[in-house]
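These are the residues of each chain, in order.
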Amino acid sequence: TTKKLEDGHVKLTLSCTLLFIYLVTLTILVKLDIVRGSSSSVIYLEDNYVRDKQGYLVRIVTGSQPNAGTTAKVNIKLYGKQRDSPARLLSAQRPLFASK
């Protein structure tokens, strides 16, 4: 019975350690996501119609470096079951997708 008791303690300790590592990693990643998300902005399409009622949240990543942006023309096209949208140009007054 002592062997079973020791095995139980080992399993419990291992489980608690893995749970702790998971929670710490999750906390760090959530904080990083919040920091990176603070540099995001809303870009309205210039050719939107007043009657348009759908909204889409699109996340675009331009690189692995912090504050990476692009001055290139960026288009978006949505694909659906019934039909596809035309390519729409995303434009802004500053380099796209870089922090303010």
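Residues numbered from 1 in each chain as written. Predicted model: local features only at pLDDT ≥ 70, side-chain atom pairs only at ≥ 80, totals over all residues. Heavy atoms only, no water.

1. Structural notes on the overall build of the protein chain
Consideration 1: Scanning the protein chain from N- to C-terminus turns up one helix and two strands.
Consideration 2: For the protein chain, the sequential pattern of α-helices and β-strands runs α-β-β.
Consideration 3: Considering only contacts in the protein chain between residues 6 or more positions apart, those separated by 24 or more positions represent 53%.
Consideration 4: When the accessible surface of the protein chain is totalled, it reaches about 9400 Å², and 59% of it is carbon and sulfur. (Helix = DSSP H or I, 4+ residues; strand = E, 2+ residues; numbered from the N terminus. Contact = heavy atoms within 4.5 Å. Areas by Shrake-Rupley, 256 points an atom, 1.4 Å probe, with all protein chains shown as cover.)

2. Topic: a nonpolar patch on the surface
Consideration 1: A cluster of nonpolar side chains, Leu14, Leu18, Phe20, Ile21, Val24, Ile28, Leu29 and Leu32, forms an exposed patch at the surface whose accessible area comes to about 770 Å².
Consideration 2: Here leucine 29 is to be found in helix 1 (residues 2–37). (Patch = residues over 30% accessible without salt bridge, like charges linked within 9 Å, V, L, I, M, F, W, Y side chains within 5 Å. Salt bridge = Lys/Arg side-chain N within 4 Å of Asp/Glu carboxyl O.)

3. With respect to the confidence of the model for the protein chain
Consideration 1: Taken over all residues, the pLDDT of the protein chain has a mean of 75, while the share at 70 or more is 66%.
Consideration 2: Within the protein chain, the lowest mean pLDDT, 78, falls on strand 2 (residues 88–90), and the highest, 83, falls on helix 1. (pLDDT = per-residue confidence, 0-100.)

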